[in-house]
Amino acid sequence: MAKFGEGDKRWIVEDRPDGTNVHNWHWSETNCLEWSRNFFTNQFSNAVILSGEGNLFIKINKVEKLEGEAYVNVRKGKIIPGYELNVSLSWEGEAKDSEGKTLLKAEGLVDMPYISDENADEDPEVRVSVKDEGVIGKTLKEAMVSKGKGVVLEKVRVFVEAMAKGGPCRDELESKKVAPKSKSSALPAVVVESSKVVKEKKKVKTKEGFKTITMTEKFSCRAKDLYEILMDENRWKGFTQSNAKISKDVNGAISVFDGSVTGTNVELEEGKVIVQKWRFGSWPDGLDSTVKITFEEPEPGVTIVNLTHTDVPEEDRYGNATVVENTERGWRDLIFHRIRAVFGFGM
């Protein structure tokens, strides 16, 4: 992920003298690191986890550490959040006996080493530690894991949704969406009617908000070998290091990347073509894309793969506008490049 302030200067336009970015046409980039620190502080400071259940009292004290980067890019109202954060929270617990006497007070940390926009649809790793590793200390730690982890993740999800809506830029973006009403009431009837026609035309526009990914890759292998790799769940597990279930029959189900992607086989011709329906778990309900992979073998031992991935939504269910970019990177880095590296098919 590009660091804040280091984007391609051809796409980031300098501020106007009057400070106006007309219609948000140009990229505007806002550093959200301090905003993120304040957001997490407000969410977690003195958050109660247990208040006497099982004679245990646990709460999160404060944000001890928040490092990394966070920013929001906006162009023409399109929000593109970016963040990679390492967050550490301090917590304290107290165990009492049946008479209310304190048995032990303990302190610990909740570490989330990687909260990233690239994994916005997945919960981050949460590590809980305690300084006192005695019996009661471990009991407090286990209670923090079982009761506190869900609370922590829910608050992280709130942050993810807030960034998807623009973070500190949200209020400004919402205000720009409000159109002035005074002039519209004075428009001539003809103009009003024409505006209705324009709106109707926009409604019938097909596939608005979707993109197509195309990619051509070259491999040093036979076409049938590459076909078999892409249709064999054990080889998928090998080169992706994740669980996979792949039917070899038309209309059969597929599930790859630990279930993050599911779908069905539409058309299969060994060594020639694979057509599948793909759906990512983070996409809005009811959306499916189509993956078509064709294999050409211009000479023995050389295979050219042509990928066409259609109907990829521009945004996921959380409003993140990096779906197309992440999907394209996934094909290139997590599938094609991994196949070359694991099976030695590089040219």
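Values in this document were obtained by computation on a predicted structure and should not be read as measured data.

S.K.: How should the packing of aromatic side chains be read in this particular structure?
M.R.: Describing an aromatic ring pair means giving the distance of the ring centres and the angle of the ring planes. Tallying each qualifying case throughout the model produces 17 aromatic pairs. Ring centres 6.5 Å apart and planes at 70° place the aromatic pair phenylalanine 39 and phenylalanine 40 in the edge-to-face group. Here phenylalanine 39 matches phenylalanine 40 in class, with each residue buried. Considering the side-chain rings of phenylalanine 40 and phenylalanine 159, the 4.8 Å spacing of their centres and the 50° angle between planes classify their relative orientation as tilted.

S.K.: Looking at this structure, I do not really get the pattern of salt bridges. What am I missing?
M.R.: Charged atoms that come close allow side chains of opposite charge to pair. Scanning the model with the defined rule gives 15 salt bridges in all. When the shortest N-O distance is used, the salt bridge between arginine 279 and aspartate 285 registers 3.7 Å. Look at aspartate 285 and you get exposed, because its relative accessible area is 63%. With a shortest N-O distance of 3.4 Å, glutamate 325 and arginine 329 are connected by a salt bridge. Of the two residues, glutamate 325 and arginine 329 are both situated in helix 7 (residues 323-343); the distance of four residues between them amounts to about one turn of the helix. Under the relative-accessibility criterion, arginine 329 is labelled partly exposed at 23%. Linked through salt bridges whose partners overlap, the residues forming this network are Glu118, Glu325 and Arg329.

S.K.: So what exactly am I meant to see when it comes to the sheet that holds strand 10 (residues 261-269) here?
M.R.: Paired through backbone hydrogen bonds, the strands of a sheet run either parallel or antiparallel to each other. Spatially, the seven strands line up as an open sheet ordered 7-13-12-11-10-9-8, and their pairing is antiparallel. Of all the strands in the sheet, the pair left with one neighbour each is strand 7 (210-219) and strand 8 (245-246). Where strand 11 (residues 273-280) and strand 12 (residues 289-299) come together, six bridges link them in antiparallel fashion. Counted as the bridge partner of glutamine 276 is valine 291 from strand 12. Sheet strands touched by helix 5 (residues 223-230): strand 7, strand 8, strand 10, strand 11, strand 12 and strand 13 (302-313). Its angle to strand 12, the strand with the most contacts, is close to 155°. Across the face of the sheet, helix 7 comes into contact with strand 7, strand 11, strand 12 and strand 13 while running at roughly 15° to strand 7.

How each quantity is defined
- Within each chain, residues carry numbers counting from 1 in the order of the written sequence.
- Under the rules for a predicted model, residues below a pLDDT of 70 receive no local features and side-chain atom pairs below 80 are neither given nor counted, while totals for whole chains, interfaces and linings still include all residues.
- The side-chain numbers reported here are obtained from all heavy atoms of the structure, hydrogens and water having been left aside.
- Two aromatic rings, drawn from Phe, Tyr or Trp (for Trp, its six-membered ring), form a pair once their centres lie within 6.5 Å of each other, and the interplanar angle then sorts them: stacked below 30 degrees, edge-to-face above 60, tilted otherwise.
- When a residue's accessible area, from a 1.4 Å probe over protein chains only, is under 20% of the maximum for its type it is buried; when over 50% it is exposed; and in between it is partly exposed.
- Here, a salt bridge means any side-chain nitrogen of Lys or Arg that lies within 4 Å of a carboxyl oxygen of Asp or Glu.
- By the criteria applied, helices consist of DSSP H or I runs no shorter than four residues and strands consist of E runs no shorter than two, each listed in order from the N terminus.
- At least two bridges found by DSSP between two strands is the condition for calling them paired.
- Note on contacts: a residue pair is in contact if any heavy atoms of the two residues lie within 4.5 Å.
- Here an axis means a line fitted to C-alpha atoms, over the contact stretch when the element is a helix, while the angle between two N-to-C directions is reported on a 0 to 180 degree scale.

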